[in-house]
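As a plain string of letters, each chain reads:
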Amino acid sequence: MTVTRSVVLGCGAYLPERALGNAELARTVDSSDEWIVQRTGIRQRHIAASGEMTSHLAINAARAALADAGVDAQSIDLIVLATSTPDQTFPASAVSVQAALGINHGAAFDLQAVCSGFVYALATVDGLLRAGNAKRALVIGAETFSRILDWTDRGTCVLFGDGAGALVVEAQQQPGAREDRGLLTTHLRSDGRHKAKLYVDGGPSSTGTVGHLRMEGRAVFKHAVAMITDVIEDAFKATGYTADDIDWFVPHQANKRIIDDSAHKLGIAPEKVVVTVDRHGNTSAASIPLALDVAIRDGRIKPGDLVLLEAMGGGFTWGSALVRW
Ligand code: ACO
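What counts, and at which threshold
- Residues numbered from 1 in each chain as written.
- Predicted model: local features only at pLDDT ≥ 70, side-chain atom pairs only at ≥ 80, totals over all residues.
- Heavy atoms only, no water.
- Domains from an automatic or database assignment.
- Contact = heavy atoms within 4.5 Å.
- Salt bridge = Lys/Arg side-chain N within 4 Å of Asp/Glu carboxyl O.
- Polar contact = N/O pair within 3.5 Å; in protein donor to acceptor, adjacent residues only side chain to side chain.
- Helix = DSSP H or I, 4+ residues; strand = E, 2+ residues; numbered from the N terminus.
- Buried < 20%, exposed > 50% of the residue type's maximum accessible area, 1.4 Å probe, protein only.
- Pairing = 2+ DSSP bridges.

Chemist: Talk me through the domain arrangement of the protein; I want residue IDs and the actual numbers.
Modeler: Along its sequence, the protein is carved into domain 1 (3–174) and domain 2 (182–324). The gap between the C-alpha centroids of domain 1 and domain 2 is 14 Å. Each partner contributes residues to the interface: domain 1 has 52 residues there, and domain 2 has 49 residues. The interface formed by domain 1 and domain 2 contains two salt bridges. With a closest N to O distance of 3.5 Å, D68 and R297 form a salt bridge. Connecting domain 1 to domain 2 are 21 residue pairs in polar contact (both at pLDDT 80 or more). The set of elements that each furnish at least two residues to the side of domain 1 that touches domain 2 consists of β1 (3–14), α2 (33–40), β3 (44–47), α5 (117–130), β6 (136–144), α6 (154–157) and β7 (162–174).

The following block contains the structure:
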C-alpha cells in the first residue's frame, strides 16, 4: 500500500550582501571577536540593506529553490513563510512572495514560532500536503532580525543576522517502506511558561510598537540541549532510526556550543553535523534552510540521505523533523 509523503524537490537561499564581522561590530558595542567566537562560534552575520525587507529575502530564496527544483512558480499552490520579522503586522509577508512570483491561486500565509518556525512550517505543510489540501508547496524561513535588535545590548546584538532559505516540497506517493523519500516524521513542542526568557518587548496589541529582542541567554542555554535532544529522541522512537543511521544533522544555528553539546548527547558524529552559525549568526527561522543550502551546494547532502533537522527558540518552542532527501 502506498503512502503520501512530502518530498523535497529543491532548495534555495539568499543572504543580504553586507557581511558584518565581529571585529567591526566590536567597534560599536563593548565586545570582542574573541569573546563572540569563544561563547558562540559566530564570526560574522549578514545585515539587510536599508529598504531590503523580509519578503525581499524570501522572494530571492524562493526563486532559487524553484530554479533548483526545476519547477514553474505556477505549479505552487501553497506558500508558508516562517518569520518573526514580517514586513508589516499584516498582511502576511507570504502574500508578497506569492504576488512577486505571479501566483494568484492556492494559499499563502505566515507562521510564527520564532527560531523553531521552519520546523513548524515544514510540519504544517506536510500535514496539508498529506491531507490533499495542496500538491506542491514553498516552505520558506526568512528574517530581518537586525531590525528588532537593541544594538546597545551586547548580550543579544552580537548573536543574530538576516537571511532566507526555502524548500520546494511536493506530495508524492511512496511505497510506505523504510527507504521512502520525503518527510518521515515531525515532532512539535512548546511551553509558554518560558515566554519571558526570550521575547520582543513590543507588539501591535501591547505597546503599539515593534519592540526589541530581550533574552536571558544563560537560561535559554540551560534548557536548549535537553529540549532539543528530547524531541529528536521522539523522531527516533517514531521511525526506528538511530543516531548511527543519520547522514546529516542540520540543527538550528544559534550557538556552536549548543549544537556540539546536542550532537554529543545524541551520539551523532561531529563530521555529520552541518554548522553555518560561524558565517550566518542566528538567523532564526531562516537558519535551517540556509544551512541545508550550504550542505547541498558543497555536495554533502545528496538524494537518498537521511537528514535530521531540529530547532528551539522563543516561547519556548522546539521541534524535529526527519527527512529522506
Ligand atoms: N561581549 C563581551 N562580553 C559579553 C557579551 C559580549 N557580546 N555579552 C555578555 N557579556 C558578558 C556578560 O556581561 C557577563 O559579564 P559579567 O560576568 O561581568 O557579568 C559575561 O559576559 C558572561 O555572560 P553570560 O550571559 O553568562 O555568558 P554566557 O556564557 O551564557 O554566553 C550567550 C552568553 C552566548 C548569549 C549564551 O548564553 C547563549 O548562547 N545562550 C543561548 C542563546 C540562544 O541560543 N538564543 C537563541 C534561541 S533561538 C530564538 O528563539 C531567537
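Chemist: Give me the lowdown on the pairing of β6, citing residues and values where you can.
Modeler: Residues in a regular strand project their side chains so that they alternate between the two faces of the sheet. Most of β6 is tucked away: nine of the nine residues are buried. What you see with β6 is no split at all: R136, L138, I140, A142 and T144 on one side and A137, V139, G141 and E143 on the other are buried throughout. Where strand β4 (residues 78–82) lies against β6, five bridges are found, and the strand directions are parallel. Within β6, the position partnered with L81 by the bridge is I140. As judged from the nine bridges shared by β6 and β7, these two strands associate in the antiparallel manner. Note that in β7 the partner of E143 across the bridge is G163.

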